[in-house]
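Chain by chain, the residues run as shown.
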Amino acid sequence: MKAIILFGAPGAGKGTIAEGIKAASPFIHISTGDMLREAVKQGTAVGREAEAYMKRGELVPDATIIRIVEERLDKGGKDDAYMFDGFPRTDAQARLLDESLARRGARLDVVFQLAAPRELLMARLTGRRVCRKCGASYHTINIPPKREGVCDRCGGELYQRPDDQESTILKRLDVYDQQTQGLIQYYAKRGVLVTVDSARPRQDTVAEILRYVQRPAGS
Ligand code: AP5
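Residues numbered from 1 in each chain as written. Predicted model: local features only at pLDDT ≥ 70, side-chain atom pairs only at ≥ 80, totals over all residues. Heavy atoms only, no water.

**Q** Account for the overall build of the chain, naming residues and giving values.
**A** Counting its regular elements, the chain contains 9 helices and 8 strands. For the chain, whose C-alpha radius of gyration is 17 Å, the value lies close to the compact-globule estimate of 17 Å for 219 residues. The buried share of the chain, taken over its 219 residues, is 45%. If you sum the accessible surface of the chain, you get close to 11300 Å²; carbon and sulfur atoms cover 50% of it. Within the chain, one finds 35 positive and 29 negative side-chain charges whose respective centroids are separated by 3 Å. (Helix = DSSP H or I, 4+ residues; strand = E, 2+ residues; numbered from the N terminus. Rg over C-alpha atoms; globule rule 2.2 N^0.38 Å. Buried < 20%, exposed > 50% of the residue type's maximum accessible area, 1.4 Å probe, protein only. Areas by Shrake-Rupley, 256 points an atom, 1.4 Å probe, with all protein chains shown as cover. Lys, Arg positive; Asp, Glu negative; His and termini not counted. Charge placed at Lys NZ, Arg CZ, Asp CG, Glu CD.)

So this is what it looks like as structure tokens:
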């Protein structure tokens, strides 16, 4: 089993970059945000618990996150390659991920820190639109759909995430600064951190990460 992390603030482009990597590599995309939104949509116990935290822009409790990630990894095989997006976000989640990978005879290969300035994060999140049906992500200015409000991929309706209101975005950015950003040091000390400029066109960021993950072993 192989594992990489796409790490970064809300709006850094984790989901967008994950789509590009997934299309060109065997990595399985595990986005805790997507898993939680699906749980909310389905009205499961996890979804009912998570909804209020997400609406406020706060983190969902560690125990719930760790449980859903463990359940997902339990379904996988020993040769799977995972790309985590939006996980881990706290010290406890990072420790538990290490333990979980070790139990499965795997370890973390690389943590890609997607770096972009705060003004850009704000502009990206306020303009984001997502397909209700297939989850594809657009931006009203940067990555507009061919027909306004309609998904290019499946024809589904595009909507604005409830947590993409300006006041909630500011809260999410604060939560990132206070509870998540510190993990950069944790991974830098372990020598697995690679910082990538994600303020560029998305294909450039995807290409840089792909070059890295597809390099021959030992180089
Ligand atoms: P989550 O869904 O993970 O949200 P997030 O981390 O806030 O990240 P975003 O999805 O907002 O941003 P992104 O970096 O993926 O950017 P994107 O590619 O979409 O989490 C939501 C909530 O769930 C959390 O607040 C929390 O409550 C809960 N949660 C989730 N995981 C948790 C965990 N582990 N622990 C506890 N709670 C958890 O891009 C944004 C926009 O920019 C898009 O419109 C896109 O089209 C555009 N864009 C992206 N890249 C480019 C580019 N290069 N050029 C131009 N436009 C671009």
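Structure's up, so let's keep going.
**Q** Requested: an account of the environment of Ile 17, with residues and values cited.
**A** Examined against the element boundaries, Ile 17 turns out to sit in helix α1 (residues 14–23). Linking Ile 17 and Ile 169, residues 152 residues apart in sequence, is a C-alpha distance of 20 Å.

**Q** Pulling in residues and values, what's your account of the site of the ligand?
**A** Residues in contact with the ligand amount to 35 residues; listed here are only the nearest, Thr 16, Glu 58, Arg 89, Arg 128 and Arg 172. In the model, a nitrogen atom of the ligand is placed 2.9 Å from a nitrogen or oxygen of the Gly 86 main chain. At 3.3 Å, a backbone N or O of Arg 202 approaches a nitrogen atom of the ligand. Within the complex, 95% of the 1000 Å² of free accessible area of the ligand lies under protein. (Near = heavy atom within 4 Å. Polar contact = N/O pair within 3.5 Å; in protein donor to acceptor, adjacent residues only side chain to side chain.)

**Q** Account for the sheet that holds strand β2 (residues 28–31), naming residues and giving values.
**A** Sheets are built from strands paired through backbone hydrogen bonds, the pairs being either parallel or antiparallel. Pairing within the open sheet is parallel, and its 5 strands lie in the order β2-β3-β1-β4-β8. Looking at which strands have only one partner, the edges of the open sheet turn out to be β2 and β8 (193–197). Ignoring strand direction, the axes of neighbouring strands in this sheet form an average angle of 25 degrees. In terms of strand pairing, β2 meets strand β3 (residues 81–85) through 4 bridges, oriented parallel. Bridge pairing links Ile 30 to Phe 84 in β3. Packing of helix α4 (residues 62–74) onto the sheet brings it into contact with β2 and β3, and relative to β3 it is tilted by some 160 degrees. (Pairing = 2+ DSSP bridges. Axes fitted to C-alpha atoms, helices over the stretch in contact; angles between N-to-C directions. Contact = heavy atoms within 4.5 Å.)

**Q** Describe the packing of helix α2 (residues 32–42) against α4, naming the residues involved and giving the relevant values.
**A** Relative placement of two packed helices is described by the angle separating their axes and the distance separating the axes. Packing of α2 against α4 brings their axes to within 11 Å, and their N-to-C directions diverge by 100 degrees. Classified by the angle their axes make, α2 and α4 are roughly perpendicular. Listed contacts from α4 to Thr 32, Met 35 and Leu 36 of α2 are Ile 65, Ile 68, Val 69 and Arg 72. Residues of the contact of α2 with α4, tallied by class, amount to 5 nonpolar, 1 polar and 1 charged. (Parallel < 35°, antiparallel > 145°, perpendicular 65-115°, else oblique. Nonpolar A, V, L, I, M, F, W, Y, C, P; charged D, E, K, R; others polar.)

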